[in-house]
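Listed here are the chains, written in short residue letters.
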There are 2 protein chains.
Amino acid sequence: METRFEFEIKDTFKRMRAGVVKTAHGKFRTPVFVPVATFASVRGLDDKDLKELGAEVVLANTYHLHLRPGDELIKRLGGLHKFMNIDKPIITDSGGFQAFSLGFGMEHGVGKIANNIFLEGLKEAEYKGDKWAFVTDKGVRFKNPITGEVVELTPEKSMKIQSNLGSDIIFAFDECTSPLSDKDYTAMALERTHRWAEECLRYYDRRQALFGVVQGGEYKDLREKSARFMAKKDFAGFGIGGSLGKSKQDMHNILEWVIPLLPEEKPRHLLGIGAVEDLFNCVERGIDMFDCVAPTRWARRGHLYVSPPEGNPENKFRIHIQNSRFKEDTKPIDENCECFVCKTHSRAYLRHLFVANELSYFRLASYHNLHFVLRVMDEIRESIRDGSFFELKKEWLGYI
Amino acid sequence: METRFEFEIKDTFKRMRAGVVKTAHGKFRTPVFVPVATFASVRGLDDKDLKELGAEVVLANTYHLHLRPGDELIKRLGGLHKFMNIDKPIITDSGGFQAFSLGFGMEHGVGKIANNIFLEGLKEAEYKGDKWAFVTDKGVRFKNPITGEVVELTPEKSMKIQSNLGSDIIFAFDECTSPLSDKDYTAMALERTHRWAEECLRYYDRRQALFGVVQGGEYKDLREKSARFMAKKDFAGFGIGGSLGKSKQDMHNILEWVIPLLPEEKPRHLLGIGAVEDLFNCVERGIDMFDCVAPTRWARRGHLYVSPPEGNPENKFRIHIQNSRFKEDTKPIDENCECFVCKTHSRAYLRHLFVANELSYFRLASYHNLHFVLRVMDEIRESIRDGSFFELKKEWLGYI
């Protein structure tokens, strides 16, 4: 690695760590919640909002940007930082998750943790009666859902695309298996992922920091095998990806198998996870980085975050603003929240905007939800420093 | 009138005037472009944006707010200013235009100046084979497009609704005729509008400033009759509404017939008009106030304002951002624009966001377009003060 990437652990508490990641585009503190800018935009928000929100890093999706507007176009325009006007670290994923989910999503009707599949910008009807993605030892071939053309993603190509994008942290191309894949298939896919990891190490742009991805589904021996394999390689950090099982408990088990096998001095990123409860439970198990579309996606659907006592693990710390009980509610979304939306707007007004499908709703709601999650993470980080994590966790989750 | 409304003319130049309107919620300078907040939100923007943009007044639609969320609800919540968190003057229209356009729009397939009809939030299919609005001497009955229930708007009811909304400036309930209405119908409708104006004067909330609306379609004698009638009544100002003919020339003629008959000391509001070229040509003829959804609506459709020399009356001072020539264009939307969007984002990025249908596009585009029109109006106002209006007009329109 060059000096463009550095991870410094400043405080530890049990298995938890609070630190700083330094990149060519500045630093971010960990544990961190990374907002997702799928198509080079955190949905509903702009760069000015992100600055105001104190988002220190964003993650963009390689798969999406390769298809639209194209990574080569972004390269000609000076890279993703310039394109988005973001002067802070940018992470890109490998494109694997989205490409494979076109395949297994169709076959199994599932997503990351046995949830409904989501494919940004695509309509369900577009898949019907057709398999969209095929995996070979070389990579994955899929139909471009925009143009219908066949696209191939390989480890080398993923490295090339991410180089074109010019992100600071990139991920190795991995095969993402379904929660319904059996052990034999998962084991075979894991071998492929490991070979691909080596290819990525060969091809990646040395100006970027490459993270390997631990796969292995919900199988203990496979996860351990993958963690041991990745740990020995010269990665800057590690993602934990693929199927995280069928329940939260499965996910926790996977973290407990994997994390002790990864080198202490490198950051660990839990890919695509970020519900409020998960932030506590996964930081506790040693996770440093999270990315998730949850805050902005839930916002768009009317689910707004609230803190305890109104928010709790049962209601997932959310109210649904469309509920008629908010019709004349002059309180802010969350009385403990310091964001400008909560300081200036009532639930009644936000409910009205949501029901009327007004555009400004989407921004105000997304702003609040992202602010909420970023502040939870600030509190968690602080609680690692001063050793009050379990008090904080109890206050939020009601259990330790 | 009480002292809650005051219009002070500070400078004049030919028929043009630059002044200040004072209300209980502060003042705004004229000539003014008033952004439209149909459903209590300027589409795509929020109150913080409006403050930043220097919008000194907004106009909300009585018809829409009566249907959703309901004026009585807004009253219980403390009125429109509190509901929207807008601490500046708010204007509401009478609801007439929208209610009538449900009727004549269906019959004639037309809108304000022989254009396509627009009905915010409604789909074309919803009207087919059905007449939605019926006019009687008492008012207009129409089907609520949200619930299907029959709603009646009368002069008294319009005054009551606008009182509930608590706006600073309100409009008298008028019958808005179609550009395809014949003279006999227009004359009959005008009598009705005049009777209704007297009813409004009887019923309106004295804490608000009531503007009368001059109707009469494209007929000189009817427009003059209406202007003379309204001029004698105790209105705080005047709207010029209804069909403004079939061409820009028709509209200019109407202004030249009407304006000399209205009292100098009261403001004149040209309802629903606000293209860049119109601002010059109508201020020149003595208009003080404009409201129009154009900047934000065009923005949403991809049409972004540009100043001369790129912008001109032929291209309506707009580029269409979807055009492939902007794919790699690193220039701002408008090189002369000082808005944050132009300072920080390229046409290439905005084109990408538009094509990807990203939510943030709508805000950035709306912000730029509204900024653009507000700054044009600033320049026009300044040019009245210093007598350089015709130089400015020539620079923008290429003609005097």
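This brings us to the overall build of chain A. Across its full length, chain A carries 15 helices and 16 strands. For 400 residues, the compact-globule estimate of 2.2 N^0.38 gives 21 Å, and chain A sits close to it at 20 Å. Oriented by its inertia axes, the alpha-carbon framework of chain A measures out at about 60 × 50 × 40 Å. Out of the 400 residues belonging to chain A, those deemed buried represent 55%. If you take every contact in chain A between residues at least 6 apart in sequence, the share linking residues at least 24 apart comes to 68%.

The peptide bond linking Pro308 of chain A to Pro309 of chain A adopts the cis configuration, its omega dihedral lying at 5°. Structurally, Pro309 of chain A can be placed in the loop between β15 (303–305) and β16 (318–320). The phi dihedral of Lys316 of chain B falls on the positive side, at around 55°, and the residue is not glycine. By the element assignment, Lys316 of chain B lies in the loop between β15 (303–305) and β16 (318–320). We note that Phe317 of chain B has phi near 60°; this positive angle belongs to a residue other than glycine. Inspection of the secondary structure assignment puts Phe317 of chain B in the loop between β15 and β16.

With that settled, consider the environment of Gly302 of chain B. Residues and elements named next belong to chain B. Mapped onto the fold, Gly302 is located in the loop between α11 (294–300) and β15. Look at Gly302 and you get partly exposed, because 18 C-beta atoms sit within 10 Å. Put simply, Gly302 and Leu350 are 48 residues apart on the chain and 9.3 Å apart in space, counted from C-alpha to C-alpha. Residue contacts for Gly302: discarding those within four places in its chain leaves His320, Ile321, Gln322 and Phe354.

Residues and elements named next belong to chain A. In the predicted model, chain A carries a mean pLDDT of 92, and the fraction of residues at 70 or more is 92%. Across residues 111–129, confidence stays below pLDDT 50; counting only partners more than four residues off in sequence or on other chains, it has 25 contacts. As a predicted assembly, this complex carries a pTM of 0.93 together with an ipTM value of 0.93.

Looking now at the sheet that holds strand β12 (residues 237–240) of chain B. Within a sheet, neighbouring strands are paired by backbone hydrogen bonds and run either parallel or antiparallel to one another. Residues and elements named next belong to chain B. Taken together, the eight strands give an open sheet; going across it, the order is β4-β14-β13-β12-β11-β10-β6-β5, and neighbouring strands pair in parallel fashion. Of all strands in the sheet, those bounded by a partner on one side alone are β4 (32–35) and β5 (58–60). Along the sheet, successive strands turn relative to each other by an average axial angle of 25°, direction set aside. Here four bridges tie β4 to strand β14 (residues 289–292), and the two strands are oriented parallel to one another.

Taken together, the 34 residues of chain A in the interface contact 34 residues of chain B. Secondary-structure elements contributing two or more residues to the side of chain A that touches chain B are α1 (47–53), α3 (71–76), α12 (340–344), α13 (347–355) and α14 (359–385) of chain A. Considered class by class, the residues forming the side of chain A that touches chain B number 16 nonpolar, eight polar and 10 charged.

Moving on, we get to the relation of the copies chain A and chain B. Here chain A sits on chain B after a turn of 180° about the axis and a move of 0.0 Å along it, with an RMSD of 0.0 Å. Taken together, the rotation angle and the small translation identify this as a two-fold axis. Nearest to the rotation axis, the C-alpha of Leu359 of chain A is located 3.9 Å from it, this being the minimum over chain A. Same-surface contact between copies: 100% of interface residues of chain A are shared with the interface of chain B.

This part takes up the environment of Arg318 of chain B. All names here are of chain B. Inspection of the secondary structure assignment puts Arg318 in strand β16. The spatial distance from the C-alpha of Arg318 to the C-alpha of Met16 is 26 Å, given a sequence separation of 302 residues. When residues no more than four places from it in sequence are discounted, the contact partners of Arg318 are Trp298, His303, Leu304, Tyr305, Val306 and Gly311.

Once that is clear, we can look at the packing of helix α13 (residues 347–355) of chain B against helix α14 (residues 359–385) of chain B. Residues and elements named next belong to chain B. Between α13 and α14, the least distance of the axes is 8 Å, while the angle of their chain directions is 130°. The orientation of α13 relative to α14 falls into the category oblique. Here α13 runs over α14; the crossing is left-handed. Every residue of α14 that contacts α13 at Leu350, Leu353 and Phe354 is listed here: Ser360, Tyr361, Leu364 and Ala365.

Another point: the domain arrangement of chain A. Residues and elements named next belong to chain A. The assigned domain composition of chain A is domain 1 (6–292) and domain 2 (301–397). Between domain 1 and domain 2, the C-alpha centre-to-centre distance is 27 Å. When residues of the side of domain 1 that touches domain 2 are assigned to their parent elements, the largest contribution, five residues, is made by helix α10 (residues 276–284). Looking at the side of domain 1 that touches domain 2 residue by residue, the classes come out as 15 nonpolar, three polar and six charged.

Time to look at the sheet that holds strand β7 (residues 133–135) of chain A. Residue and element names in this part refer to chain A. Ordered by their spatial adjacency, three strands build an open sheet running β7-β8-β9, and the pairing between neighbours is antiparallel. Every interior strand has two partners, whereas the edge strands, β7 and β9 (150–153), have only one. Shown here is a sheet whose adjacent strand axes are inclined to one another by a mean of 20°, direction ignored. Strand direction decides the pairing type here: β7 and strand β8 (residues 140–143), joined by three bridges, are antiparallel. Residue pairing in the sheet places Ala133 in a bridge with Phe142 of β8.

Turning to the nonpolar core, a few remarks are in order. The biggest cluster of nonpolar side chains holds 238 residues, and the ones touching the most others in it are Val58 of chain A together with Val58 of chain B. Not counting the four nearest positions on each side in its chain, Val58 of chain B is found in contact with Val34, Pro35, Ala37, Val42, Leu50, Ile86 and Ile90 of chain B.

All right, on to the pairing of strand β1 (residues 6–13) of chain A then. All names here are of chain A. As judged from the seven bridges shared by β1 and strand β2 (residues 16–23), these two strands associate in the antiparallel manner. Each residue of the ladder has a partner; that of Phe7, found in β2, is Val21. The turn joining β1 and β2, which pair antiparallel and follow one another in sequence, is formed by two residues; a positive phi near 50° is taken by Lys14.

All names here are of chain A. Alignment of β2 against strand β3 (residues 26–30), held across five bridges, turns out to be antiparallel. For Val20, the partnering residue across the bridge sits in β3 and is Arg29. Linking β2 to β3, which pair antiparallel, is a turn of two residues.

Each value, and the rule that gives it
Residues numbered from 1 in each chain as written. Chains lettered and ligands numbered in written order. Predicted model: local features only at pLDDT ≥ 70, side-chain atom pairs only at ≥ 80, totals over all residues. Helix = DSSP H or I, 4+ residues; strand = E, 2+ residues; numbered from the N terminus. Rg over C-alpha atoms; globule rule 2.2 N^0.38 Å. Buried ≥ 20, exposed ≤ 12 C-beta atoms within 10 Å, placed from the backbone. Contact = placed C-beta atoms within 7 Å. pLDDT = per-residue confidence, 0-100. Pairing = 2+ DSSP bridges. Axes fitted to C-alpha atoms, helices over the stretch in contact; angles between N-to-C directions. Nonpolar A, V, L, I, M, F, W, Y, C, P; charged D, E, K, R; others polar. Least-squares fit on C-alpha atoms with pLDDT ≥ 70 in both. Parallel < 35°, antiparallel > 145°, perpendicular 65-115°, else oblique. Left-handed = near helix turned anticlockwise from the far one by under 90°. Domains from an automatic or database assignment. Core = buried A, V, L, I, M, F, W, Y, C linked by C-beta atoms within 7 Å.

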